[in-house]
Number of protein chains: 2
Amino acid sequence: MKILVQKFGGTSVATLECMRKVREKVADGLKRADKVVAVLSARAGDTNNLLDLAGQWSKDPDRAECDVLVSTGEQVSASLFAMLLKDGGIKARSLLGWQIPLITDAGFGRARVRSIDSDALRGFLEEYDVLVVAGFQGCTEDKRITTLGRGGSDTSAVALAAVLGSVECEIYTDVDGVYTTDPNICSSARKMDRIAYNEMLEMASMGAKVLHIRSVEFAQKYKVPVRVRSTFNDDPGTLVTQEDSSMEALLVSGIAYDRDQARVTLHGVPDVPGVAAAVFGPLSEKGVLVDMIVQNTSLDGLTDITFTISRKDLKSTLGIMAETASNIGAAEVVHDVNVAKVSAIGVGMRNHSGVAARAFAALTQEGINILMISTSEIKIAILIQEKYVELAVRILHDTFGLDWDVV
Amino acid sequence: MKILVQKFGGTSVATLECMRKVREKVADGLKRADKVVAVLSARAGDTNNLLDLAGQWSKDPDRAECDVLVSTGEQVSASLFAMLLKDGGIKARSLLGWQIPLITDAGFGRARVRSIDSDALRGFLEEYDVLVVAGFQGCTEDKRITTLGRGGSDTSAVALAAVLGSVECEIYTDVDGVYTTDPNICSSARKMDRIAYNEMLEMASMGAKVLHIRSVEFAQKYKVPVRVRSTFNDDPGTLVTQEDSSMEALLVSGIAYDRDQARVTLHGVPDVPGVAAAVFGPLSEKGVLVDMIVQNTSLDGLTDITFTISRKDLKSTLGIMAETASNIGAAEVVHDVNVAKVSAIGVGMRNHSGVAARAFAALTQEGINILMISTSEIKIAILIQEKYVELAVRILHDTFGLDWDVV
């Protein structure tokens, strides 16, 4: 039995008209496979409306009850779409997380998939041609509803594709695919035909919101080819898949950026063992994710520690740092929210040197000051003043020849 | 463990303010019992909005998918209320139909309760002080979501009270209790302290919408005392319970009415065996509920058959009757929608004669023409012209001395 998993995002199922387009995509899927598993997000806006409701009802809504509440969003879209398929003469039914079941841990609001009963799914597929699965949701072993966190429907789809051995997992959205950078700020941005999992992970973590980062990790782990494509046209989209030599020929695959950065610096920190733990331990305990970290060379036994965080965490971070600074005897804490991060990403960097130098030179030449640098095997991330973001993206896109397919 | 079941209707949970009142009622319930099972309806309007959505998506929405869709209404109210209870320091959790489980048959949209896992409920009650149960919903043995039909949350509550041995099943609504008749058309209508199940059934079937008819049948069958009371004051409400001698002392307990009546007459029907079956068989097949039926004495081998139906069924009924009339050789079919039914109801009628005669005399004296009559052991139903409804209700209410408690 050849099974195809197709996932449709919130904008793809927002209205009856949109859902009719989705039905065409599913009908097309049935021509390419024996059976289709269609994973749906909640209709655009529904999840936020439900979260707003929870926020009205409680300042600190119980997470388990919140999952019961927000999971209704996908329940609504899945049942409506199943009706529409049946109206179109397609044998279909909806399936909620607990009906499969898709078992998760008890991390309400950000649960992780533990197991999926693929035998049960295959049983349902004996009876139906299309299973409309409510994405984003699962349940614990003791039958409590969970959700997989923002973008969790992507993860649902990839996990289902993995256990069902789907040829590809098609992620339908309102864009054509993954672009070399944001087309809104760089008119020469180009849709990629293929991208490696690792590259996609870096793109996703930088705010290229086309795929949820966890779904990419999942796809990479289980080697599920993921195709990002549009519900509203027939473009083949972008295939997210394993690295191959053609990808490595390219130095840089994409340029990403992230405005959600705030920089915090502790000046005059005594350079003694354990000081980094004293700074970052309390942040980690409070759930603050630290992104870039730079520690300057010690001078006179004193050093500076600089790091970046999400802007929403700035207030709590400054509170924690005030205490930390006094504990460790740091001179002062300063911060800056007018910063942003641009990154060049590409698996080709592994085999080429000088990529970072080219990036720095290009930015410097245009008068953009580099505030912080962080590099990984396949990424160079550069913190700059926020006002230069668009310019920096275009410079790097141009520098690395992403305007045209050079392979 | 003393368990109290409390049910809260759609207007009681419509807003955050309302739900806070409901929380007070639950907290009060916890003073009177060890544990409370709170059964919630969907927030007022939610169910209709969901049904409207289904109607937009499909002209004939799949009933199973419709249940998946509309059951989200109670899922939303139950999870919101559980949050509110937890915020108020009450140990609580929501429970959906499938989580209990409350098992029903597969009659989607009008499912009947088959079993409730009361051991599981008692297990949950070890851990929580209040279980917030999503009313109206259950699931089949093979884990498909079902709903119990309009007013089904009342049935959920009574069924839970039955299996849990709840002292009373409290049905909270936006009225004080059950009235001797509609206070909107009879200012001397009086709230009853007690009413027998049988009487309540007749009142409910006549459109006294304070309790759903199936929940009363259920309560009668399992001898669950049901108390109808208001969320918005402290009135003890009306206890619906088994008949006792005090009830029988009263000739008539209440006056009900129903405007949703249409009268259809077949004239000149050959009075031969099987003619009634020929008339009512096809109606039954099409799901048309026939209320009153009168067949005149035969004259010259011809008779008239008159019956009443709900107005929404008139069009289909006339279609069916046109065919039937030609099949059985009836002369003509006439109809009238300007009719309504008034009823006097009371278990005391069993032991008293002359109740019907008093009713007819009172109406006739005021010039109200009696179109049809139907009597049962505890009810006299009279079809009149609709314009006389309010007047007839007041006359009967007065005739049987319902203005003041005469017991």
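For clarity, every value in this text was computed on a predicted model and none was experimentally measured.

**Student:** I'd like to hear about the overall build of chain A, residue by residue, with values.
**Tutor:** Helix and strand counts for chain A stand at 12 helices and 18 strands. Its C-alpha atoms give chain A a radius of gyration of 23 Å, within 12% of the compact-globule value 22 Å for 407 residues. Structurally, chain A occupies a C-alpha span of about 75 × 50 × 35 Å along its principal axes. Burial status across chain A gives 50% buried among its 407 residues. A separation of at least 24 residues holds for 75% of the contacts in chain A among residues at least 6 apart in sequence.

**Student:** Describe helix H1 (residues 16–32) of chain B, with residues and values.
**Tutor:** Residues and elements named next belong to chain B. Taking 1.5 Å per residue as the helical rise, H1 with its 17 residues ought to reach 24 Å, and the 25 Å between its terminal C-alpha atoms agrees with that figure. Residues Met-19, Val-22, Lys-25, Val-26 and Gly-29 constitute the buried set of H1. The arc that holds the buried residues of H1, viewed along the axis, is 110°, so those residues lie on one side. Of the residues in H1, the exposed ones pointing more than 90 degrees away from the buried face are Glu-17, Arg-20, Glu-24 and Lys-31. Close packing links the buried residues of H1 with strand S1 (3–8), strand S2 (35–40), helix H4 (72–87), strand S6 (130–134) and strand S9 (169–173).

**Student:** Could you give an account of the sheet that holds strand S3 (residues 92–95) of chain B, naming the residues involved and the relevant values?
**Tutor:** Residue and element names in this part refer to chain B. Taken together, the eight strands give an open sheet; going across it, the order is S3-S6-S2-S1-S9-S11-S12-S10, and neighbouring strands pair in mixed fashion. The open sheet has two free edges, formed respectively by S3 and strand S10 (194–196), since each of these has just one partner strand. Ignoring strand direction, the axes of neighbouring strands in this sheet form an average angle of 20°. By the bridge criterion, six bridges tie S1 to S2 in an arrangement that is parallel. By the bridge assignment, Lys-7 is partnered in S2 with Val-39. Here H4 sits on the sheet and contacts S2, S3 and S6; the angle it forms with S6, its principal contact strand, is near 165°.

**Student:** Which residues make up the sheet that holds strand S16 (residues 332–345) of chain A, and what values do they have?
**Tutor:** Residue and element names in this part refer to chain A. One open sheet accounts for six strands, arranged S14-S15-S13-S16-S18-S17; its pairing is antiparallel. Edge strands, defined here as strands with exactly one partner in the open sheet, are strand S14 (290–295) and strand S17 (372–376). Shown here is a sheet whose adjacent strand axes are inclined to one another by a mean of 30°, direction ignored. Where helix H11 (residues 355–365) meets the sheet, it contacts S16, S17 and strand S18 (379–385), and its direction lies at approximately 20° from that of S18.

**Student:** Give a detailed account of helix H12 (residues 389–399) of chain A, specifying residues and quantitative values.
**Tutor:** The α-helix advances 3.6 residues per turn, and as a result positions three or four apart in sequence lie on the same side. All names here are of chain A. Among all positions in H12, only Val-389, Ala-392, Val-393, Ile-395, Leu-396 and His-397 are buried. Buried residues belonging to H12 abut strand S13 (254–270), S16, H11 and S18. Just past H12, the residue Gly-401 takes up positive phi, approximately 65°.

**Student:** Lay out the interface of chain A and chain B in plain terms, naming residues and giving numbers.
**Tutor:** Each side of the interface is counted separately: chain A has 25 residues, and chain B has 25 residues. Only helix H2 (46–57) and helix H3 (63–87) of chain A provide two or more residues apiece to the side of chain A that touches chain B. With 13 residues, H3 of chain A is the single largest residue contributor to the side of chain A that touches chain B. Residue composition of the side of chain A that touches chain B, by class: 13 nonpolar, seven polar and five charged.

**Student:** Give me the lowdown on the environment of Gly-73 of chain A, citing residues and values where you can.
**Tutor:** All names here are of chain A. Among the secondary structure elements, Gly-73 is positioned in helix H3. For Gly-73, a count of 28 C-beta atoms within 10 Å puts it in the buried group. Between the C-alpha atom of Gly-73 and that of Asp-260, which follows or precedes it by 187 residues, the distance is 28 Å. In this view, Gly-73 contacts Ala-42, Asp-46, Thr-47 and Leu-50; residues no more than four positions away in its chain are not counted.

**Student:** Outline the domain arrangement of chain A, supporting the account with residue identities and numerical values.
**Tutor:** All names here are of chain A. Entries for chain A in the domain assignment read domain 1 (3–242) and domain 2 (255–399). Using C-alpha coordinates to define each centre, domain 1 is positioned 33 Å away from domain 2. At the junction of the two partners, domain 1 supplies 15 residues and domain 2 supplies 14 residues. In terms of residue class, the side of domain 1 that touches domain 2 is built from seven nonpolar, five polar and three charged.

**Student:** I'd like a rundown of the relation of the copies chain A and chain B, residues and numbers included.
**Tutor:** Relative to chain B, chain A is turned by 180° and slid 0.1 Å along the rotation axis, the superposed coordinates differing by an RMSD of 0.1 Å. These values place the two chain copies in the arrangement generated by a two-fold rotation axis. No C-alpha of chain A approaches the rotation axis more nearly than that of Thr-72 of chain A, which lies at 2.8 Å. With an isologous cut-off of 70% or more, the 100% of interface residues of chain A that recur at the interface of chain B puts this contact in the isologous class.

**Student:** Now, about the environment of Asp-119 of chain A: what can you tell me, with residues and values included?
**Tutor:** Inspection of the secondary structure assignment puts Asp-119 of chain A in helix H4 (residues 118–127). Sequence-wise, Asp-119 of chain A and Asp-235 of chain A are 116 residues apart; in three dimensions their C-alpha atoms are separated by 33 Å.

**Student:** Account for the packing of H1 of chain B against H4 of chain B, with residues named and values stated.
**Tutor:** Residues and elements named next belong to chain B. Between H1 and H4, the least distance of the axes is 10 Å, while the angle of their chain directions is 60°. At the point where H1 passes H4, the crossing takes the right-handed sense. Of the residues in H4, those in contact with Met-19, Val-22, Arg-23 and Val-26 of H1 are Leu-80, Phe-81, Leu-84 and Leu-85.

**Student:** Outline the nonpolar core, listing residues and values.
**Tutor:** With 245 residues, the main nonpolar core has Val-132 of chain A together with Val-132 of chain B as its most contacted residues. The biggest single contributor to this core is H3 of chain A, with 13 residues. If we ignore the near neighbours within four places in the chain, the residues touching Val-132 of chain A are Ala-38, Leu-40, Ala-78, Phe-81, Ala-82, Leu-85, Ala-92, Arg-93, Ser-94 and Leu-95 of chain A.

**Student:** An account of the packing of helix H2 (residues 46–57) of chain B against helix H3 (residues 63–70) of chain B is needed here, citing residue identities and associated values.
**Tutor:** All names here are of chain B. At a minimum axis separation of 9 Å, H2 and H3 run at an interaxial angle of 140°. By the angle between their axes, H2 is oblique relative to H3. Handedness of the H2/H3 crossing: right-handed. Seen from H2, the contacting residues are Thr-47, Leu-50, Leu-51 and Ala-54; seen from H3, they are Cys-66, Leu-69 and Val-70. Taken together, the residues of the contact of H2 with H3 sort by class into six nonpolar, one polar and no charged.

**Student:** If you had to explain the pairing of strand S16 (residues 332–345) of chain B to someone new, which residues and values would you point to?
**Tutor:** Pairing geometry for strand S13 (residues 254–270) of chain B and S16 of chain B, over 11 bridges, is antiparallel. Paired with Ala-256 of chain B across the two strands is Ser-343 of chain B, which belongs to S16 of chain B.

**Student:** Please provide a residue-by-residue account of the confidence of the model for chain A, values included.
**Tutor:** Averaged over chain A, the pLDDT score is 93; the fraction of residues at 70 or greater is 98%. Model confidence for the complex is summarised by a pTM of 0.87, with the ipTM given as 0.85.

**Student:** Quick one: what's the story with the environment of Gly-109 of chain B, residue by residue and with numbers?
**Tutor:** Residue and element names in this part refer to chain B. By the secondary structure assignment, Gly-109 is in the loop between strand S4 (102–104) and strand S5 (113–116). Residue class for Gly-109 comes out partly exposed when judged on the 16 C-beta atoms lying within 10 Å of it. Considering only alpha carbons, one finds Gly-109 and Asp-403, 294 residues apart in sequence, at a separation of 40 Å.

**Student:** A description of unusual backbone geometry should follow, citing residues and the corresponding values.
**Tutor:** Backbone torsion omega between Ile-100 of chain A and Pro-101 of chain A reads -15°, so that peptide bond is classified as cis. Take Pro-101 of chain A: it is sitting in the loop between strand S3 (92–95) and strand S4 (102–104). Of note, Phe-136 of chain B is a non-glycine position whose phi angle comes to about 80°, a positive value. Within the secondary structure layout, Phe-136 of chain B lies in the loop between S6 and strand S7 (137–139). Looking at Phe-136 of chain B, the number of C-beta atoms within 10 Å reads 30, which means it is buried. Despite not being glycine, Lys-223 of chain B has its phi angle at roughly 55°, a positive value. Note on placement: Lys-223 of chain B falls in the loop between helix H8 (213–222) and strand S11 (226–230).

Analysis parameters
- Residues numbered from 1 in each chain as written.
- Chains lettered and ligands numbered in written order.
- Predicted model: local features only at pLDDT ≥ 70, side-chain atom pairs only at ≥ 80, totals over all residues.
- Helix = DSSP H or I, 4+ residues; strand = E, 2+ residues; numbered from the N terminus.
- Rg over C-alpha atoms; globule rule 2.2 N^0.38 Å.
- Buried ≥ 20, exposed ≤ 12 C-beta atoms within 10 Å, placed from the backbone.
- Contact = placed C-beta atoms within 7 Å.
- Expected span 1.5 Å × (residues − 1).
- Arc of directions from axis to C-beta.
- Pairing = 2+ DSSP bridges.
- Axes fitted to C-alpha atoms, helices over the stretch in contact; angles between N-to-C directions.
- Nonpolar A, V, L, I, M, F, W, Y, C, P; charged D, E, K, R; others polar.
- Domains from an automatic or database assignment.
- Least-squares fit on C-alpha atoms with pLDDT ≥ 70 in both.
- Left-handed = near helix turned anticlockwise from the far one by under 90°.
- Core = buried A, V, L, I, M, F, W, Y, C linked by C-beta atoms within 7 Å.
- Parallel < 35°, antiparallel > 145°, perpendicular 65-115°, else oblique.
- pLDDT = per-residue confidence, 0-100.

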